[in-house]
Each structure stands twice: as C-alpha cells, then as structure tokens.
Amino acid sequence: MFVEPDISMRQHSDELRHLINETIDKHGGWIGFDQYMQMALYEPGLGYYAAGSQKFGVEGDFVTAPTIGQLFAYCIANQCEEVLKLEGCDSILEFGAGTGDLAAQILQNLAERNQLPNRYQIVETSADLRARQESCISELGSDMSVRVEWLDTIPPSISGIVIANELIDAMPFKRFEIADGGQCVELGVTLKDQNLGWQRGSSLDLPDFFTECAQGYQSEWCPQAAAWVNTVAERLQRGLILLIDYGFPDFEFYHPDRDQGTLMCHYRHHAHSDPFFWPGLQDITSHVDFSALARAGKNAGLELLGYCTQGDFLISSGILECVQKRIEQSSNDEEEKQIHEQLSLAAEVKKLTLPHEMGELFKVMAMARGIQQIPNGFTRSNKRHRLLND
Ligand SMILES: C[S@@+](CC[C@H](N)C(=O)[O-])C[C@H]1O[C@@H](n2cnc3c(N)ncnc32)[C@H](O)[C@@H]1O
C-alpha cells in the first residue's frame, strides 16, 4: 500500500504538474519523455531531486550503497588510492554525490592512509542535495573539508579518478516503441482530460542494434548518458572513470523478452512503473546500457579496463578484509556491542554482494586514459569483453 502524500506534498506536486501541463501546451500538446523526466526530477525547487524530500535511506524512497554503511566507501577508497598514486593523478571528481556520505567516507579512509587527494570536487545538479553534502562534509576535520569544492559544471580539465554511483540511472532518457513495419517511434507525454499520459510521437533514429525487436516492443534510450561520457572523456588528461549502477550490456538490455523496457519509479520503498504518479514526489529511473557507455568512451579514446558485478568488484577491492578489521577493532567492546557490530556487518555484506540483493544487478565499469593496468577491483572477475562486439 502506498503512503498517501500529505497536503503540502500534494500541493507541491500540483504546482509541478501545473508547470508540466503548461510546457506540454506550449509544445503543441506533446513533449518527449526525457523532457518530462527532466522536469519531474530536476525542475528547480520542484523536481524530485531539486526539492527537499528525504529521498535516500529508510525514511526516504530507496537506499543506495553509500547510505547502507561504510564498507562500500572503503572499497571505493581502495580504488581511489591506487589511482592517486599514479603520476599526475591528484584529484577525485564525484558526480551526483547524493547525501555526501560517500565523499565523506572516502576522505576519511584516505586520510587514515595518508593518501588524501589534492582536491575532491563534486558536480551536483541539485541545490537541495548540494546543501546536504556541504553539511555532511563540514563535519569532517578541516584537513579534509578544505579539499572539497562544488562545481556547477564538468571541469575543463580532469586528472585523477572520476566516481559516479547511481548517476547514469537518474539521467533523463527517451522512451520508444517498435510500431508496424518495424519503425521505431518515440513515446512522449500528453494530457488526456487533464491527466498526464503516454502518446506516440514521430519516428526516432536509433542505432542499428535495436531493429530486431518485434512490433509493440518498448524500451529506453539515453543519449544523455553517452554525451556525458564523451564530455568527461574529452576532459580527462590522465585517470580512471569508475561507474557503478544497475544495468547490463546492450544484448541483455534490449533482449526481446525485456519488451517493456526497464523504466522504474520509487516511492517510499515501493517500486512501480507509473512515471505520472505524483510528479516531483517519486524517483524515476531506468537501467543502464553499459555497452553504450563503453562505445562512447572508446570513441573518445578511452581504454575499457574493467566491467564486473558489484559483488565481484567489492570482494576484489577488500570488503572482507575491511569486515575483519572492524571485527578486530571492536574486540575490546562489551559482548553485546560486539555481536551487534558483527550482525550489522554481515547484513551489509549480504546487501551489497549477494546476487539477489545488489551484488549482481549492479555493475562496476572502469574506463581510463593513460592507464593500462587492470584496476585491483577487477582482478577476481573482468567481463569487459561482453560490452563491445569488436
Ligand atoms: C540516484 S542519486 C545517487 C546519489 C549518490 N551517488 C548515492 O549513491 O547515494 C543521483 C544523484 O545524481 C545527481 N545528478 C543527476 N544528474 C546529474 C548530472 N548530470 N550531474 C551531476 N549530478 C547529477 C542527483 O541530483 C543525485 O544527487
């Protein structure tokens, strides 16, 4: 059962709906789904990510790996450390930092190892989340917090490691359907009796590999994601781009059986497929086509160094060693506290690594410029050959 939004939340959503309705009218009665999603998630002051709802964690709508505990950040910090030791790789650039927990925990881990980056830059489109991140970072010691800066756009030059956890799944995507005769038609948003609904638009020019799908097949395509990889790659002087998200290679993403695509909405821990439910109060997302990201990287001159499941990545990156260390650290605590620590660590490892939790659907991908060595996180398993056909 959905928890009904309270009156102020409903008013908030109505205000956004009004703006969306006006935009649809202004565009002759139809807008692309990507434009709708851009407004529903990012309209300043009103969109889901741009306004003040809780979003992450038990009290919010969904959980992400950094908000579950500290093991995820320990492993990502290991990967950062490896890159920061390379010549000319002195900074960390995180995109879409959410609550700021991952940034704070990475910095704490690196400070313990005397391996702090010169700069930790965060590109965040949401003013609300940026304020939350600032408050989270301000609780760190000044040796860490002075290194953190927020940027409004992708910096002109990048050297070091780029991190994006669950960024690409939050980028506005296009939705399409295969119509009679195999033609690919864009699905957009219209008003039917003042209610938002789906409406076919004009034909959409998609890359070749979609064409085998049968009539009625619906899915998503996210040109914004490939454009983002292209821009980051062009500006990367030397370093590694580490992307963590849920998704597949293209042959799985566009598998004939996945005929309704991967569009998903999250509202108070309920996952459903209606993107028009209380706009502004719920997350809208789709899975990531990692082959499209790999192609964009390759076209921009990057080397694809790694691709594997989150479970394999975390195990290669030392999640179990971290658990061991934490258990040892708590060995002088009273027994009840020790048991509590052990149980919560076990629950965290399970959530992050088990195949039916986040371990298999979530993938980690690494692309680099000026680095040939396979990063440590991909030593246990590396399925990069599954992303590109050549
Ligand atoms: C699903 S949340 C993930 C947050 C965080 N990385 C985590 O794992 O908890 C997506 C984040 O990306 C941000 N975002 C979306 N598009 C962005 C873009 N083009 N550049 C930077 N941040 C973006 C959102 O505001 C939000 O902070």
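This structure is a prediction, so every number in the text was calculated from the model and none was measured.

### Concerning the site of the ligand
- Near the ligand, the surroundings consist of 17 residues, among which Tyr42, Thr64, Gly96, Glu124 and Asn165 are the closest.
- Contact between the ligand and Gly98: an oxygen atom at 3.4 Å from a main-chain N or O atom of the residue.
- Thr125 places a polar side-chain atom, nitrogen or oxygen, 3.4 Å from a nitrogen atom of the ligand.
- For the ligand, whose accessible area on its own is 600 Å², the fraction buried by protein is 94%.
- Among the cavities detected, the one that contains the ligand is the largest pocket.
- When grouped by side-chain class, the residues that make up the shell around the ligand number nine nonpolar, six polar and two charged.

### A closer look at unusual backbone geometry
- The residue Arg268 is not glycine, and still its phi comes out positive at about 45 degrees.
- Inspection of the secondary structure puts Arg268 in the loop between strand S11 (264–267) and strand S12 (270–272).
- One non-glycine residue, Trp278, adopts positive backbone phi at about 35 degrees.
- You can see Trp278 is positioned in the loop between S12 and strand S13 (283–285).

### Examining the pattern of salt bridges
- If you walk through the whole model with that rule in mind, you get 14 salt bridges.
- Residue Asp152 pairs with Arg130 through a salt bridge whose shortest N-O separation is 3.5 Å. In this pair, Asp152 sits in the loop between strand S4 (148–151) and strand S5 (158–165) while Arg130 sits in helix H6 (residues 127–138), placing the two residues 22 residues apart along the sequence.
- The salt bridge involving Arg175 is made with Glu220; its shortest N-O contact spans 2.5 Å. Here Arg175 is found in strand S6 (residues 174–178), whereas its partner Glu220 is found in strand S9 (residues 218–221), with 45 residues between them in sequence.
- In this structure Glu220 comes out as buried when scored by relative accessible area, which is 1%.
- Several salt bridges converge on common partners, so that one network encompasses Asp34, Lys174 and Glu186.

### Digging into helix H5 (residues 101–112)
- Here H5 is 12 residues long and its end C-alpha atoms lie 17 Å apart, about the 16 Å a rise of 1.5 Å per residue gives.
- Buried within H5 we find Leu102, Ala103, Ala104, Gln105, Ile106, Leu107, Asn109 and Leu110.
- Two residues or fewer past H5, Asn114 is found with a positive phi of approximately 60 degrees.

### Notes on the nonpolar core
- Grouped together as the largest cluster of nonpolar side chains are 51 residues, with contacts concentrated most on Ile76, Ile106 and Ile163.
- Among the elements that make up this core, the one with the highest residue count is helix H4 (residues 71–84) (10 residues).
- Leaving out residues up to four positions away in the same chain, Ile163 has contacts with Ile76, Cys80, Ile92, Leu93, Glu94, Phe95, Leu102, Ile106, Tyr120, Leu242 and Ile244.
- Grouped together as the second largest cluster of nonpolar side chains are 32 residues, Leu151, Leu167, Leu293 and Leu302 included.

### What to know about the layout of surface pockets
- Taken as a whole, the largest pocket encloses approximately 630 Å³ of empty space.
- Contributing to the lining of the largest pocket are 33 residues, with Tyr42, Gly96, Glu124, Thr125 and Leu167 lying nearest its centre.
- For the lining of the largest pocket, the elements supplying multiple residues, two or more each, are helix H2 (33–42), helix H3 (65–68), strand S2 (91–95), H5 and helix H8 (223–235).
- Here the residues of the lining of the largest pocket are counted per class, giving 16 nonpolar, 10 polar and seven charged.
- Approximately 420 Å³ is the volume attributed to the second largest pocket.
- What lines the second largest pocket is a set of 19 residues, among which Phe62, Val63, Tyr246, His266 and Phe362 lie closest to the centre.

### Section: the environment of Gln324
- Within the element layout of this structure, Gln324 appears in helix H12 (residues 319–329).
- Exposure remark for Gln324: the relative accessible area of 45% places this residue in the partly exposed category.
- Put simply, Gln324 and Phe62 are 262 residues apart on the chain and 28 Å apart in space, counted from C-alpha to C-alpha.

### Overview of the side chain of Asp250
- Following the sequence through the fold, Asp250 ends up in helix H9 (residues 250–253).
- Within polar-contact distance, the side chain of Asp250 engages the side chain of Arg295 at 3.1 Å.

### Quick word on the packing of aromatic side chains
- Overall, the coordinates contain 14 aromatic pairs when judged by the stated rule.
- Here the aromatic rings of Phe253 and Tyr254 are separated by 4.6 Å at their centres, their planes lie at 55 degrees, and the arrangement is tilted.
- The buried category is assigned to Phe253, whose relative accessible area is 2%.
- Its relative accessible area of 7% is what places Tyr254 among the buried residues.
- Between the aromatic rings of Tyr267 and Phe277, the centroid separation amounts to 5.3 Å while the plane-to-plane angle is 70 degrees, which identifies the pairing as edge-to-face. Here Phe277 lies in the loop between S12 and S13 and Tyr267 lies in strand S11, a separation of 10 residues in the sequence.
- Classification of Phe277 as buried rests on a relative accessible area of 17%.

Conventions used here
Residues numbered from 1 in each chain as written. Predicted model: local features only at pLDDT ≥ 70, side-chain atom pairs only at ≥ 80, totals over all residues. Heavy atoms only, no water. Near = heavy atom within 4 Å. Polar contact = N/O pair within 3.5 Å; in protein donor to acceptor, adjacent residues only side chain to side chain. Areas by Shrake-Rupley, 256 points an atom, 1.4 Å probe, with all protein chains shown as cover. 1 Å grid on protein atoms, 1.4 Å probe; cavity = no way out; pocket = protein on both sides within 12 Å on 5 of 7 lines; lining within 4 Å. Sits in = over half its atoms within 2 Å of the grid points. Nonpolar A, V, L, I, M, F, W, Y, C, P; charged D, E, K, R; others polar. Helix = DSSP H or I, 4+ residues; strand = E, 2+ residues; numbered from the N terminus. Salt bridge = Lys/Arg side-chain N within 4 Å of Asp/Glu carboxyl O. Buried < 20%, exposed > 50% of the residue type's maximum accessible area, 1.4 Å probe, protein only. Expected span 1.5 Å × (residues − 1). Core = buried A, V, L, I, M, F, W, Y, C linked by side-chain atoms within 4.5 Å. Contact = heavy atoms within 4.5 Å. Points joined across faces, edges and corners; volume = space filled by probe spheres on them. Phe/Tyr/Trp six-rings, centres within 6.5 Å; stacked < 30°, edge-to-face > 60°.

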